[in-house]
Amino acid sequence: MAEWFLFLPQVRQGIDEVVLRAQTAERNGFDGIAFIDHLEPPGATHQSIWEAMTIATWVAARTERLKIGHLVLCDGFRHPAVLAKQAVTLAEASGGRFELGLGSGSWPAEFARFGIEGGDDAKGRARRLATDVELIREFWGADGPTERTQEPVASQRIPLVLGGTGKTTMELVRKYADWWNIPSHQLDRLDQLLPTVGTARVSMQQMVAFAGRKADAAAVAAAAHRRFGYLGDGLVGGPADELVAHFARLIDKGVERFYVWFADFAAPATLDEFADTVMKVIAQSGGSKA
């Protein structure tokens, strides 16, 4: 059965609004929530954004069941020893609900703006990610204790979600990942990469312009394309029956988790109706309506 996460960039919303959406998602049967990790919103540096690990911790404290994670934390922002400690602390505080989503970073401009080294060296960032994943696992004692294993160790496995499609990332996916996530703007590579992920389970990020029962579908689509048309196939829209068919086809291909990014910024009423008319229908059908 597919898992459904609310993908909620913590941009342009107050903290109480973020919590409301998380609690609405939880009430409606979403399995988890994922945030972004940037020091400034990509392409919208005038907008406000909350820090990724702090907002995740705040939401974890105000929900009971949702898995908590990110698509994805930027490896270059934190020393691996610090991130390893943060991950264990949040996993334990949340009752095992935290997943560590990690990537090499995708927005060089913020590295330069805030004086963080390495932002303009994509290959270097990928090498650092490979090194840091191995260090984090050592700090966790993932393959048995070493002199650098941190205490306390997690009482249960912390799932590792790796996002991206680069060569180094895919090697790490095959070696270490519990989940591989393909970003919304690279969905045209899904069929090519699906056979290469080893034992990692497959997730995908999907921008959705949901036309609810009372919505003007044409207006919903037009607004979404104005804001997010740059995503190409990463943006899908329409009424519930079209979205059911879309997601069911992806489930049949082997996608097991969807990070749904709503074009209307996850209005609570949208979450209510999407859960009732898309998620529940797919669950009842066993996921196959292609």
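Everything numeric in this text was worked out from a predicted model, so none of it was measured. (Residues numbered from 1 in each chain as written. Predicted model: local features only at pLDDT ≥ 70, side-chain atom pairs only at ≥ 80, totals over all residues. Heavy atoms only, no water.)

### Looking at the overall build of the chain
Let me state the cut-off plainly: Secondary structure elements follow DSSP: runs of H or I of four or more residues count as helices, runs of E of two or more count as strands, with numbering from the N terminus. Residue contacts are counted whenever heavy atoms from the two residues lie within 4.5 Å of one another. Computed with a 1.4 Å probe, the accessible areas rest on the Shrake-Rupley method; for each residue, only the protein chains presented here act as cover.
Across its full length, the chain holds ten helices and ten strands. If one aligns the C-alpha atoms of the chain with their principal axes, the spans along those axes are about 60 × 40 × 40 Å. Within the chain, contacts between residues separated by at least 24 positions form 74% of all contacts whose residues are at least 6 apart in sequence. On the chain, roughly 13300 Å² of surface is accessible, and the fraction owed to carbon and sulfur atoms is 52%.

### Examining helix α6 (residues 167–176)
To keep things clear, this is the line we draw: Only protein chains enter the accessibility calculation, which uses a 1.4 Å probe. A residue is then buried if its area is under 20% of the maximum for its type, exposed if over 50%, and partly exposed in between. Arc definition: it is the arc formed by the directions from the helix axis to the C-beta atoms.
What α6 keeps buried is the set T169, M170, L172, V173 and Y176. Looking straight down α6, one finds its buried side chains confined to an arc of 160 degrees; they lie on one side. In α6, the exposed positions that point more than 90 degrees away from the buried face belong to K167 and K175.

### Points about the nonpolar core
Threshold: The definition of a nonpolar core used throughout is a set of buried Ala, Val, Leu, Ile, Met, Phe, Trp, Tyr and Cys residues joined through side-chain atoms within 4.5 Å.
Residues W4, F30, W180, F258, F274 and V278 are the most contacted members of the largest nonpolar core, which totals 73 residues. Contact partners of W4, with chain neighbours within four places excluded, come to F30, D31, G32, F247, F258, V260, F274, V278, M279 and I282. Counting 18 residues, the second-largest nonpolar core is a separate cluster that includes I49, W179, A224 and L231.

### Quick notes on the side chain of R257
Stated precisely, the cut-off is as follows: N or O atoms within 3.5 Å of each other form a polar contact, as long as, within protein, one can give a hydrogen and the other can take it, and as long as residues adjacent in sequence are counted only when both atoms are side-chain atoms.
Structurally, R257 can be placed in strand β10 (residues 255–262). Only 2.8 Å separates the side chain of R257 from the side chain of Y259, close enough to count as a polar contact.

### So, unusual backbone geometry
Excluding glycine, a negative phi dihedral is what most residues carry, and trans is how most peptide bonds are arranged. Looking along the chain, the bond that leaves L71 and enters V72 is cis, with omega of -25 degrees. Looking at where V72 falls in the secondary structure, it is placed in the loop between β3 (67–70) and β4 (73–74). Cis geometry marks the peptide bond from E151 to P152, where omega comes out at 0 degrees. Looking at where P152 falls in the secondary structure, it is placed in the loop between α5 (122–140) and β6 (160–163). With phi around 65 degrees, R12 is a residue other than glycine that occupies positive phi space. Its place among the elements puts R12 in the loop between β1 (3–7) and α1 (15–27). Unusually for a residue other than glycine, F265 sits at a positive phi of about 65 degrees. With respect to the secondary-structure elements, F265 resides in the loop between β10 and α10 (268–285). For F265, a relative accessible area of 27% translates into the label partly exposed.

### Quick look at the packing of α1 against α10
The condition is simple: Fitting a line to C-alpha atoms yields each axis, with helices limited to the stretch in contact; the angle taken between N-to-C directions then spans 0 to 180 degrees. Working rule for angles: under 35 degrees goes down as roughly parallel, over 145 as roughly antiparallel, 65 to 115 as roughly perpendicular, anything else as oblique. Two helices crossing with the near one rotated counterclockwise from the far one by less than a right angle form a left-handed crossing, whereas a clockwise rotation gives a right-handed crossing. Throughout this entry, Asp, Glu, Lys and Arg are counted as charged residues, while Ala, Val, Leu, Ile, Met, Phe, Trp, Tyr, Cys and Pro are counted as nonpolar. The remaining residues, Gly among them, count as polar.
At a minimum axis separation of 9 Å, α1 and α10 run at an interaxial angle of 15 degrees. Taken together, α1 and α10 sit at an angle that is classed as roughly parallel. Viewed along their axes, α1 and α10 form a crossing whose handedness is right-handed. Within the contact between the two elements, α1 uses L20, R21, T24, A25 and R27 and α10 uses P268, L271 and D272. Counted by class, the contact of α1 with α10 contains four nonpolar, one polar and three charged residues.

### Digging into helix α2 (residues 52–61)
Those residues of α2 not exposed but buried are A52, M53, I55, A56, V59 and A60. End-on, the buried residues of α2 take up no more than an arc of 165 degrees, which puts them together on one face. Opposite the buried face of α2, at more than 90 degrees from it, the exposed residues are T54 and A61. At its buried positions, α2 is contacted by α1, β2 (32–35), β3, β4 and α3 (80–93).

### Considering the pattern of salt bridges
Side chains bearing opposite charge may pair, as long as their charged atoms lie close to each other. As a reminder, the rule being used: Whenever Lys or Arg places a side-chain nitrogen within 4 Å of a carboxyl oxygen from Asp or Glu, that contact is recorded as a salt bridge.
Taken as a whole, this structure holds 19 salt bridges when the rule is applied. R148 is paired through a salt bridge with E138; the nearest N and O atoms lie 3.1 Å apart. Of this pair, R148 sits in the loop between α5 and β6 while E138 sits in helix α5, and the two are ten residues apart along the sequence. One salt bridge connects R157 with D178, and the closest N-O pair in it is separated by 2.9 Å. Note that R157 is positioned in the loop between α5 and β6 and D178 in the loop between α6 and β7 (179–182), a separation of 21 residues in sequence. Bridged by salt links that share partners, the residues E3, K67, E99 and R257 form one connected network.

### So, the UniProt feature "domain: Luciferase-like" (unreviewed entry) in the chain
This is how it is decided: UniProt positions are given in the numbering used here, feature names are shortened, and annotations may be inferred rather than shown by experiment.
Feature annotation in UniProt assigns "domain: Luciferase-like" (unreviewed entry) to the following positions: residues 13–223. Helix and strand shares over residues 13–223 are 39% and 15% respectively, and the end C-alpha atoms of the span are 19 Å apart.

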